[in-house]
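Tertiary structure, described
Listed below are the residues making up each chain.
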Amino acid sequence: MAVDKKKIDKIISGYENSEESLLAILQDFQKEFSYVPEEGMEKLSEVLGVPASKIYAMGTFYKALSLVPTGRHTCKVCTGTACHLKGATNIADVLSRELKVKPGETTKDGRFTLQTVNCVGACALAPVVVVDDEDYYEGSSPQNIVKNLKKYK
Ligand code: FES
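Keep in mind that this is a model prediction, so the values were computed, not measured.

Calculation rules
- Residues numbered from 1 in each chain as written.
- Predicted model: local features only at pLDDT ≥ 70, side-chain atom pairs only at ≥ 80, totals over all residues.
- Axes fitted to C-alpha atoms, helices over the stretch in contact; angles between N-to-C directions.
- Helix = DSSP H or I, 4+ residues; strand = E, 2+ residues; numbered from the N terminus.
- Parallel < 35°, antiparallel > 145°, perpendicular 65-115°, else oblique.
- Left-handed = near helix turned anticlockwise from the far one by under 90°.
- Contact = placed C-beta atoms within 7 Å.
- Core = buried A, V, L, I, M, F, W, Y, C linked by C-beta atoms within 7 Å.
- Buried ≥ 20, exposed ≤ 12 C-beta atoms within 10 Å, placed from the backbone.
- Pairing = 2+ DSSP bridges.

Let us look at the packing of helix 6 (residues 88-99) against helix 7 (residues 142-149). Running from N to C, helix 6 and helix 7 point in directions that differ by 40°, and their axes come no closer than 9 Å. By the angle between their directions, the pair helix 6 and helix 7 is classed as oblique. As for how helix 6 packs across helix 7, the hand of that crossing is right-handed. Residue-level inspection shows Asn90, Ile91, Val94, Leu95 and Glu98 of helix 6 in contact with helix 7, the latter providing Pro142, Ile145 and Val146.

Shown next as structure tokens:
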């Protein structure tokens, strides 16, 4: 899907043309488009005079930024050690099957992006699945998680 270039220009024009604005602009792209579009990085490179490779590196370094389109909801299956020992792999497999995507991919309807992540810091509640970085589903069976995902539209 094409990205609205006017929105890209509008975001960039809200900042000073300085390399220091780079991260803030990338974060705004992420907020506006749910990812950092290539068109945005190219424009930024042109306007700020920063090499595209540097912008790309920044986009891959910061976890809060995604260079590929993400779904309306992110579903993160923790596969850290504690969660792994309590069946996280099975949860990831079941969700993969249910959503018909591999970890890192987005469902065709754009509803979910499935991810596997390292320890989310809630080991005592393992296994943990986090939706949209705020809803923690803990100690759950794959079936329960699948059921819980139904409420996200
Ligand atoms: S290993 Fe999953 S929360 Fe720590």
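Turning our eyes to something else, we now look at unusual backbone geometry. Backbone torsion omega between Ala126 and Pro127 reads -5°, so that peptide bond is classified as cis. Counting through the fold element by element, Pro127 comes out in the loop between strand 2 (112-117) and strand 3 (128-131). Positive phi values are uncommon outside glycine, yet Ser34 reaches one of about 70°. Counting through the fold element by element, Ser34 comes out in the loop between helix 2 (22-33) and helix 3 (38-48).

In this structure, Val77, Ala88, Ile91 and Leu95 are the most contacted members of the largest nonpolar core, which totals 14 residues. Elements represented by at least two residues in this core include exactly strand 1 (73-78), helix 6, strand 2 and strand 3. Excluding anything up to four places from it in sequence, Val77 contacts Ala88, Ile91, Ala92, Leu95, Thr116 and Val129. Within the second largest apolar cluster, eleven residues are counted, among which are Ile11, Ile25, Met41 and Leu44.

Bridge analysis of strand 1 against strand 3 gives three bridges, and the strand direction is antiparallel. Looking at the pairing, Val77 lines up with Val129 of strand 3. Sheet topology places strand 3 next to strand 4 (residues 135-138); four bridges connect them, and they run antiparallel. The residue bridging Val129 from the neighbouring strand is Tyr137, located in strand 4. Turn length for the strand 3-strand 4 hairpin, with the two strands adjacent in sequence and antiparallel, is three residues, and the turn residue Asp132 shows positive phi of about 55°.

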